[in-house]
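# Overview (structure and organization)
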Amino acid sequence: MTSIAERITRKLTEAFAPQELKVIDESHQHQGHGGWREGGETHFRVNIVSEAFSGKSRLERHRLVNAALAQELADRVHALAIAAKAPGEG
């Protein structure tokens with residue numbers, strides 16, 4: 001069975017061909033809080049650098065990432081922290 005983190009990684013790689021991508025499962029930090037489920041894989045942090053984000057606002061970038069992960073967000077993922085940057089941004 002594919003983990004949620006692996007699905008997120010695959011979908012973001014296919015959608016944005018990132019130069020850098022880190023998908024971090026932070027579910028353990030939210031145990032007992034809203035949206036947390038036994039087994040984790042509910043709270044993630046994504047750090048992504050892609051040319052696809054050049055010239056786009058922070059909101060546009062987040063919308064693109066959320067759209068690419070719509071199924072995961074509707075299914076198991078409760079929270080997604082996104083840092084989406086274009087190459088060369090600090």
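## Details of the pattern of salt bridges
Tallying each qualifying case throughout the model produces five salt bridges. Among the salt bridges present, the one from glutamate 14 reaches arginine 10, with a minimum N-O distance of 3.9 Å. Taken together, the residues glutamate 14 and arginine 10, both in helix H1 (residues 4–16) and four residues apart, mark about one turn of the helix. Between lysine 11 and glutamate 72 there is a salt bridge whose closest N-O contact spans 3.0 Å. With lysine 11 in helix H1 and glutamate 72 in helix H3 (residues 70–75), this pair connects stretches of sequence that are 61 residues apart. For glutamate 72, a relative accessible area of 2% corresponds to the buried category.

## A few points about the packing of H1 against helix H2 (residues 58–68)
Where H1 meets H2, the axes come as close as 9 Å, and the angle between the chain directions of the two elements is 125°. Taken together, the axes of H1 and H2 are oblique relative to one another. Crossing geometry of H1 relative to H2 is assigned as right-handed. Facing Lys11, Leu12, Ala15 and Phe16 of H1, the residues of H2 in contact are Leu64, Val65 and Ala68. In terms of residue class, the contact of H1 with H2 is made up of six nonpolar, no polar and one charged.

## Overview of the nonpolar core
Judged by nonpolar contacts, the single largest core of 15 residues is most densely connected at Ile8, Leu12, Phe44, Ile48, Val65 and Leu80. Within the residue set of this core, elements represented by two or more residues are H1, strand E2 (43–49) and strand E3 (79–85). With five residues, the top contributor of residues to this core is H1. When near neighbours in sequence (up to four residues on either side) are disregarded, phenylalanine 44 contacts Ile4, Ala5, Ile8, Val23, Ile24, Asp25, Glu26, Val77, Ala79, Leu80 and Ala81.

## Thoughts on H2
Taken together, the buried positions of H2 are occupied by Arg61, His62 and Val65. In a view along the axis of H2, the buried residues occupy a sector of 95°, so they form one face of it. Exposed residues on H2 whose side chains face more than 90 degrees from its buried face are Arg63 and Ala67.

What counts as what
- Residues numbered from 1 in each chain as written.
- Predicted model: local features only at pLDDT ≥ 70, side-chain atom pairs only at ≥ 80, totals over all residues.
- Heavy atoms only, no water.
- Salt bridge = Lys/Arg side-chain N within 4 Å of Asp/Glu carboxyl O.
- Helix = DSSP H or I, 4+ residues; strand = E, 2+ residues; numbered from the N terminus.
- Buried < 20%, exposed > 50% of the residue type's maximum accessible area, 1.4 Å probe, protein only.
- Axes fitted to C-alpha atoms, helices over the stretch in contact; angles between N-to-C directions.
- Parallel < 35°, antiparallel > 145°, perpendicular 65-115°, else oblique.
- Left-handed = near helix turned anticlockwise from the far one by under 90°.
- Contact = heavy atoms within 4.5 Å.
- Nonpolar A, V, L, I, M, F, W, Y, C, P; charged D, E, K, R; others polar.
- Core = buried A, V, L, I, M, F, W, Y, C linked by side-chain atoms within 4.5 Å.
- Arc of directions from axis to C-beta.

All quantities given are derived from atomic positions and should not be read as evidence of function.
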